Amino acid sequence: NSIQFLGDILKALIVQYELEATILGEMGDPMVGERKECQKIIRLKSLNANTDIATLARKVVEECRLIHPSKLPEVEQLLFYLLNRKKSEKHSPRDLAPFEGMELDEEANINRIDHYVELLYEDIPEKVRGATLILHLARNPDNLEELLQNETALGALARVLREDWKQSVDLATTIIYVFFCFSSFSQFHGQVTHYKIGALCMNIIEHELKRYDLWQDELQKKAANQNVKKEHEKAFKKYQGLLIKQEQLLQVALHLLLNLAEDTRTELKMRNKNIVHTLVKTLDREDEELLVLVVSFLKKLSIFLENKNDMAETYAVEKLARLLPCKHEDLLNTTLRLLLNLSFDTGLRSQMVQAGLIPKLSALLADESQRQLCMCILYHISVDDRFKSMFAYTDCIPQLMKMLFDCGESPMDPELISFCINLAANKRNAQVICEGNGLKMLMKRGLKLKDVLTMKMIRNVSQHDGPTKNLFIDYVGDLAAQTGVQEREEYVIECLGTLANLTIPDLDWELVLKEYNLVPFLKNHLKPGSAEDDLILEVVIMIGTVSMDDSCAAMMAKSGIISALIELLNSQQEDDEFVCQIVYVFYQMVFHQATRDVIIKDTQAPAYLIDLMHDKNAEIRKVCDNTLDIIAEYDEEWGRKIQSEKFRWHNSQWLEMVDNRAMGDDGEPFMYGDDGEPFMHNGDILERPDLFYSAGTEGSRNTQQRLNLFYSAGTAGGRQVGESGVEPFFFTFNITF
């Protein structure tokens, strides 16, 4: 049916065919039929660079009756691909270097496999010899298929490993190495799992780590005893020999587990056996090749949430920080990749900062081969405002600025400029950025190339009060000029946002508005739907900034911008940011006589502010209260309305109780005066001016007399009964103005 190549295992073709068997009856009719799928492997040991592909293909078709002559072109194509294929990128058995104890005085032969298996039933030295001979066969991928079919050999190896691994480290290492050769190819993982080699390796690794701890304790005890110094030296030499063999065993076993972890189901079983804790514990070792393997394994596991949480619990970041920097290129690169995976987690980023990784990673920015990884990790750390200021005390920012300027007019890496934008949001970092010609170079690039991201960085720098903000005075005209031309909206947003941040007392905003004709631009962009919401919001913020100047505020009032703001407030009343910024504009304008009169007498802005006085957003409430206090101070009529509304709000519970208690159970008025008239009369309680405190003595006294009707008299008798025979209702409330 089909022909496939088996190049990843050996030079061979696989012929897939169906075998059909039929039992015929006496008359020749088929009685019983059975169909079975089969395959035949055709080994091509003579295939090499000098082979004539066409001749070999004809020979294969002639000798294999299962292949129809019409398949000859397909056979030639497969042979050509088999000869010229690229080597597999999977782990190869040769990834592990031969270790001490693998040397033999004879050459292993696949035809003597039965003899090698018999050696596995002898004493430990013979078992080691037999396993080593089989390993030499397994290290040649051409032998793997044949070894796989020898169930006796694999079963014997698995049994010996299970029973004798504690008796000999060399024996355990050699047998695990044999199964590692199979695990290097995905199609053999089922057989390795069948013999439960993975679970056995987990047990062996756990046992060896416990032995390592015992060795360490024993060495420390002997080192503390000065009387047995020679004994300590002897024990240390022995320990070093044992450590080398143990690390060889750990390396082979972990490599086998890493190969098997290609299957996520197998990986989940490993996690259930605390593979993460085991690997993190192994990070204490010094062998760099072993550490590369361990960190690679952790990197693979880190893409799953549960494994990442296990690494956080075991403080893996602290142990990884010990590996930075290092001279081993692969170990350094793999460690950085693992840290990048972990840096997406907020808690692990905190651990990185605590472990002192910011200065270490900043120093590694000088290494071009690791720069991209370091920058991505540092970018993730810079997202958190708590850690931004720490970059100012490293050489990180000067290096970043140099990279920015080295880009010239070419596009910048998104990671680089994004990192700089984050750092610029911190005041101390912004000062470092502006040192020398930093701001000048940024402005030059941003304005010349119309670079949105560079302008975003500049905008972040401009938001900080202090010496950095004054540096922008020289660039106000350049920034204002960008709003008068047809530029991309996102670019104009950044330029306008930078201008809006410049709350500098010495800046003549009136001159800027007139010279660059900004008032019509601002008014036109206040109309709902005239532009993207982000641009409209920046226009509102800009109006708030320039309104601090008396003459600018008057220009705004004359242009009709106040009514446009009220219209915008109506359309954006659900957006807290819009509402807060518009109310802030009103707050700035009520400071000036000209605009204050317009707001109070010609618009309904105070009414809107009263409605917003009790908004759920605390910032909006704060700005509203401050604005209304100024309005109440300058306008008596609005002052009474504002006072009344504040009374209603602060005493709403009391007013509700008064309304509920105003009528008794029989429907008659509950509270009466001496003349039989209800205290509340038929009007609104808030229309009674005698309920409000006044500056006069008589008014204050009158208010106190009336309020005493609602308070306990404070006498020894406690509660009093009125003339009507009804007990007054006593409660406590606060009246606040």
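Procedures and definitions
- Residues numbered from 1 in each chain as written.
- Predicted model: local features only at pLDDT ≥ 70, side-chain atom pairs only at ≥ 80, totals over all residues.
- Heavy atoms only, no water.
- Helix = DSSP H or I, 4+ residues; strand = E, 2+ residues; numbered from the N terminus.
- Buried < 20%, exposed > 50% of the residue type's maximum accessible area, 1.4 Å probe, protein only.
- Areas by Shrake-Rupley, 256 points an atom, 1.4 Å probe, with all protein chains shown as cover.
- Axes fitted to C-alpha atoms, helices over the stretch in contact; angles between N-to-C directions.
- Parallel < 35°, antiparallel > 145°, perpendicular 65-115°, else oblique.
- Left-handed = near helix turned anticlockwise from the far one by under 90°.
- Contact = heavy atoms within 4.5 Å.
- Nonpolar A, V, L, I, M, F, W, Y, C, P; charged D, E, K, R; others polar.
- Salt bridge = Lys/Arg side-chain N within 4 Å of Asp/Glu carboxyl O.
- Expected span 1.5 Å × (residues − 1).
- Arc of directions from axis to C-beta.
- Polar contact = N/O pair within 3.5 Å; in protein donor to acceptor, adjacent residues only side chain to side chain.
- Phe/Tyr/Trp six-rings, centres within 6.5 Å; stacked < 30°, edge-to-face > 60°.
- Lys NZ or Arg CZ within 6 Å of the ring centre and 35° of its normal.
- Core = buried A, V, L, I, M, F, W, Y, C linked by side-chain atoms within 4.5 Å.

> Sorry, what's going on with the overall build of the protein chain here?
Along its length, the protein chain carries 40 helices and three strands. By residue count, 47% of the 737 residues in the protein chain fall in the buried class. About 39100 Å² of surface is accessible on the protein chain, with carbon and sulfur atoms providing 48% of the total.

> I would appreciate a short explanation of the packing of helix H33 (residues 561–571) against helix H36 (residues 605–612) in the present structure.
Relative orientation and spacing of two packed helices are given, respectively, by the angle between their axes and the distance between those axes. Across the interface, H33 lies against H36 with an axial gap of 11 Å and an inter-helix angle of 30°. Between H33 and H36, the crossing angle belongs to the class labelled roughly parallel. Where H33 crosses over H36, the handedness of that crossing is left-handed. When H33 is examined against H36, the residues Ile566, Leu569 and Asn570 are found in contact with a partner set consisting of Ala605, Tyr608 and Leu612. Class assignment of the residues belonging to the contact of H33 with H36 gives a composition of five nonpolar, one polar and no charged.

> When you look at the pattern of salt bridges in this model, what are you seeing that I'm missing?
Close approach of charged atoms lets side chains of opposite charge pair. Applying the stated rule across the entire model yields 27 salt bridges. Linking Asp451 and Arg445 is a salt bridge whose minimum nitrogen-to-oxygen distance equals 3.6 Å. Owing to a relative accessible area of 15%, Asp451 belongs among the buried residues under this scheme. Exposure remark for Arg445: the relative accessible area of 11% places this residue in the buried category.

> When you look at helix H37 (residues 618–634) in this model, what are you seeing that I'm missing?
Helical periodicity: at 3.6 residues per turn, an α-helix aligns residues three or four positions apart in one direction. A rise of 1.5 Å per residue sets the reference length of H37, with its 17 residues, at 24 Å; its end C-alpha atoms lie 25 Å apart and thus fit the reference within 8%. By the burial criterion, the buried members of H37 are Ile620, Val623, Cys624, Thr627, Leu628, Ile630 and Ile631. One face of H37 carries all of its buried residues, which in axial projection span an arc of 160°. In H37, those exposed residues whose orientation departs by more than 90 degrees from the buried face are Lys622 and Glu633. Along its buried surface, H37 packs onto helix H34 (576–589), helix H35 (593–602), H36 and helix H38 (636–650). Where H37 begins, one side-chain oxygen reaches toward the backbone nitrogen of Glu619, 2.9 Å away; that side chain belongs to Asn617.

> How do you make sense of the packing of aromatic side chains when you look at a structure like this?
Each aromatic ring pair is summarised here by two numbers: the centre-to-centre distance and the angle between the ring planes. Here the structure, examined in full by the defined rule, presents nine aromatic pairs. Ring geometry for Phe185 versus Phe188: centroids 6.2 Å apart, planes at 80°, classification edge-to-face. Note on Phe185: relative accessible area 7%, which makes it buried. In this arrangement the basic side chain of Arg285 is found over the ring face of Tyr212, its NZ or CZ atom lying 3.8 Å from the centre. When the ring centre of Trp638 is taken as reference, the NZ or CZ atom of Lys641 above it lies at 4.6 Å.

> When you look at the nonpolar core in this model, what are you seeing that I'm missing?
Generally speaking, a soluble globular protein has its nonpolar side chains buried in company with each other. Within the largest apolar cluster, 199 residues are counted, with the highest numbers of intra-cluster contacts made by Leu400 and Met457. By residue number, the principal contributor to this core is helix H7 (residues 169–183), which donates 10 residues. Other than its neighbours up to four places away in sequence, Leu400 contacts Leu365, Met375, Leu416, Phe419, Cys420 and Leu423. Of all hydrophobic cores here, the second largest spans 16 residues; its members include Leu13, Leu44, Ile67 and Leu79.

> Just to check I follow, could you spell out the packing of helix H24 (residues 438–449) against helix H25 (residues 452–462) for this structure?
Contact geometry for H24 and H25: axes closest at 8 Å, N-to-C directions at 140°. In terms of orientation, H24 lies oblique with respect to H25. H25 is crossed by H24, and the crossing has left-handed handedness. Here H24 contributes Leu442, Met443, Arg445, Gly446 and Leu447 to the contact with H25, which in turn contributes Thr454, Met455, Met457 and Ile458. Classifying every residue of the contact of H24 with H25 gives six nonpolar, two polar and one charged.

> How should the environment of Asn429 be read in this particular structure?
Tracing the chain through its elements places Asn429 in helix H23 (residues 427–433). As for Asn429 and Lys388, which are separated by 41 residues in sequence, their C-alpha atoms are 7.8 Å apart. Residues contacting Asn429, with those up to four places away along its chain left out, are Lys388, Ser389, Phe391, Ala392, Ile397 and Leu423. Here Leu423 takes part through its backbone oxygen, which lies 3.2 Å from a polar atom of the side chain of Asn429.

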